[in-house]
Amino acid sequence: MTVIVRDLRPQDPADVESFAHVRHLALPFVLWTPAGVLHRLVRTHPDAHYCSLVAEEDGEVIGTAQLGLAHDSAEPGQGYLNIYVRPDRTRRGAGALLVRTAEEHLAAHGATRLYSWVLDEPHNRVFAERHGYRASRSAHFLRLDLANGTLPPLQPLPPGVELRTAADFADDPHPFFELDAETSGDEPSDVDTELTDYDAWIEENWKHPLLDHALTTIALVDGRPAAFSAAHTDGAGRYATAMTGTARAFRGRGLAKLTKNASLHRARAAGCTEALTGNDAANEPMLAINKWFGYEICATEVRHVRELT
């Protein structure tokens, strides 16, 4: 049995499908579709030097990697690589070969510090530490049974508040971009980034094939976008919260909870049966809100870091 690592072939639908399938088997708490995998590969900003790799054993894709540079960070040299191997194809050298190939690619493009998410399981953490990565912060994956669970009831809107969808901003998404940029900058992260490139945001986020414009919900206060909950759907009944946030001037009013609840209710009415989301382990207020919705933790991952210099 021989394992090789190569670039994902974006022009080969079967190859992209295999990539998405391996990711789904290894990380079922995230929406993986061929369209989403391909979009990220071809739409990510060129300065990220983004790359998707596959590990192949005798013609079968058994491992995957997504890697790139945080090109929108003020601190240069920040790179990331996320490696996932089919659970039934581990211990064949695919993970180690993917790590080495990814690190060589990132180092060649100036990376000096690397970040990687690793599932919080003994084998995965030992693997990361053996390759020189040390653990830092944690995050949870959460799941909600939309088909059989009970959502909190919809609440009356406060005075001056109205709910819109992303579809309502189709002619001019810029106000939504500005709201996303402000809230994303306040998200817990190892790498400080700023959303300043509107055109890149349009290509990477607004045009993302999983972004559901009808379910993505935005709260306006006196006509001004104040909070939002961005929704991804895979067309097969699965829904994921891509981001929820509130502009600084409007925090403490429950607007994020309001938008997310409205989105979840409409998702269930549209036929979605499962909702997924992520939650930084240190963000206990957000974890409490997600539990209020009925979400339950289904897995945990740990951010790891390695210095190349």
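These numbers were taken from a predicted model, which means no experiment stands behind them.

> Hey, could you run me through the packing of helix α7 (residues 255-269) against helix α8 (residues 284-293) in this one?
With their axes 12 Å apart at the nearest point, α7 and α8 run at an angle of 30° to one another. When the interaxial angle is binned, α7 and α8 end up roughly parallel. Pair α7 / α8 crosses with right-handed handedness. Counting all contacts with α7, which are made through Lys-257, Lys-260, Asn-261 and Leu-264, the residues of α8 involved are Met-286, Ile-289, Asn-290, Trp-292 and Phe-293. Here the residues of the contact of α7 with α8 sort into 5 nonpolar, 2 polar and 2 charged.

> Just checking my understanding: could you explain the packing of helix α1 (residues 13-26) against helix α2 (residues 34-43) for this structure?
Look at α1 against α2: their axes get within 8 Å of each other, and the N-to-C directions meet at 105°. Classified by the interaxial angle, the pair formed by α1 and α2 is roughly perpendicular. Of the residues in α2, those touching α1 at Val-16, Glu-17, Phe-19 and Ala-20 are Pro-34, Val-37 and Leu-38. Its residues assigned to classes, the contact of α1 with α2 shows 6 nonpolar, no polar and 1 charged.

> Looking at this model, I keep getting lost on the side chain of Asn-279. Mind explaining?
Position of Asn-279 relative to the elements: it lies in strand β11 (residues 274-280). In terms of polar contacts, Asn-279 uses its side chain to reach the backbone amide nitrogen of Leu-287, at 3.1 Å. Residues in contact with Asn-279, not counting those within four places in the same chain, are Ala-139, His-140, Leu-142, Met-286, Leu-287 and Asn-290.

> What's the story with the side chain of Arg-89 in this structure? I'm lost.
Within the secondary structure, Arg-89 is located in the loop between β4 (78-85) and α3 (94-108). A polar atom in the side chain of Arg-89 sits 3.0 Å from the side chain of Glu-60. Here Asp-88 takes part through its side chain, which lies 2.8 Å from a polar atom of the side chain of Arg-89. Every residue in contact with Arg-89, bar those within four places of it in the chain, is listed here: Glu-60 and Ile-62.

> Teacher, can you tell me more about the sheet that holds strand β1 (residues 3-7) here?
Backbone hydrogen bonds hold the strands of a sheet together, and the pairing may be parallel or antiparallel. Strand order in the open sheet formed by 12 strands is β1-β2-β3-β4-β5-β12-β6-β11-β10-β9-β8-β7, and the pairing between neighbours is mixed. Whereas interior strands pair on both sides, the edge strands pair on one side only; in this sheet they are β1 and β7 (161-165). Strand-to-strand twist across the sheet, computed as the mean angle between neighbouring axes with direction ignored, equals 25°. Two elements, strand β10 (residues 238-246) and β11, share 3 bridges in a ladder whose sense is parallel. Counterpart to Arg-238 in the pairing with β11 is Glu-274. Its contacts with the sheet put helix α5 (residues 174-184) on β8 (217-221), β9 (224-233) and β10, and the angle it makes with β9 is roughly 85°.

> Just checking my understanding: could you explain the pairing of strand β3 (residues 60-69) for this structure?
Successive residues of a regular strand alternate their side chains across the two faces of the sheet. Buried residues dominate β3, accounting for 9 of its 10 residues. Summarising the sheet, strand β2 (residues 51-57) and β3 pair through 7 bridges and their orientation is antiparallel. Paired with Glu-56 across the bridge in β3 is Val-61. Between β2 and β3, which follow one another and run antiparallel, lie 2 residues, and Asp-58 among them has a positive phi close to 50°.

> How do you make sense of α1 when you look at a structure like this?
Given 3.6 residues to a turn, an α-helix orients residues that are three or four positions apart in the same direction. Counted at 1.5 Å a residue, the expected span for α1 with its 14 residues is 20 Å, and the 20 Å between its end C-alpha atoms agrees. Residues of α1 that are buried: Asp-15, Val-16, Phe-19, Ala-20, Val-22, Arg-23 and Ala-26. All buried residues of α1 project into a common sector of 160° when viewed along the axis, lining one side. Exposed and facing more than 90 degrees away from the buried side of α1 are Pro-13 and Ala-14. Against the buried residues of α1 lie β1, α2, β2, β3, β4 and β5 (113-119). With a side-chain oxygen positioned 3.1 Å from the backbone nitrogen of Ala-14, the residue opening α1 is Asp-12.

> What should I look at first to understand the pairing of β4 in this one?
When you tally the buried positions in β4, you get 8 out of 8 residues, the bulk of the element. Of the two faces of β4, the one holding Gln-78, Tyr-80, Asn-82 and Tyr-84 and the one holding Gly-79, Leu-81, Ile-83 and Val-85 are both buried throughout. As judged from the 7 bridges shared by β3 and β4, these two strands associate in the antiparallel manner. Looking across to β4, one finds that Thr-64 is bridged to Tyr-84.

> Explanation requested: the pattern of salt bridges in the structure shown.
Two side chains that carry opposite charge are able to pair once their charged atoms sit near each other. The final tally for this structure, using the stated rule, is 18 salt bridges. Close ionic contact of Asp-15 with Arg-6 constitutes a salt bridge, the shortest N to O distance being 2.7 Å. In this structure, Asp-15 and Arg-6 share a single accessibility class: buried. Among the ionic pairs, Arg-43 bridges to Glu-203, the shortest N-O distance being 2.2 Å. Of this pair, Arg-43 sits in helix α2 while Glu-203 sits in helix α6 (residues 198-206), placing them 160 residues apart in sequence. Residue classification places Arg-43 among the partly exposed residues on the basis of a relative accessible area of 36%. A network of salt bridges, in which partner residues are shared, links Glu-60, Arg-86, Asp-88 and Arg-89.

Cut-offs used in this document
Residues numbered from 1 in each chain as written. Predicted model: local features only at pLDDT ≥ 70, side-chain atom pairs only at ≥ 80, totals over all residues. Heavy atoms only, no water. Axes fitted to C-alpha atoms, helices over the stretch in contact; angles between N-to-C directions. Helix = DSSP H or I, 4+ residues; strand = E, 2+ residues; numbered from the N terminus. Parallel < 35°, antiparallel > 145°, perpendicular 65-115°, else oblique. Left-handed = near helix turned anticlockwise from the far one by under 90°. Contact = heavy atoms within 4.5 Å. Nonpolar A, V, L, I, M, F, W, Y, C, P; charged D, E, K, R; others polar. Polar contact = N/O pair within 3.5 Å; in protein donor to acceptor, adjacent residues only side chain to side chain. Pairing = 2+ DSSP bridges. Buried < 20%, exposed > 50% of the residue type's maximum accessible area, 1.4 Å probe, protein only. Expected span 1.5 Å × (residues − 1). Arc of directions from axis to C-beta. Salt bridge = Lys/Arg side-chain N within 4 Å of Asp/Glu carboxyl O.

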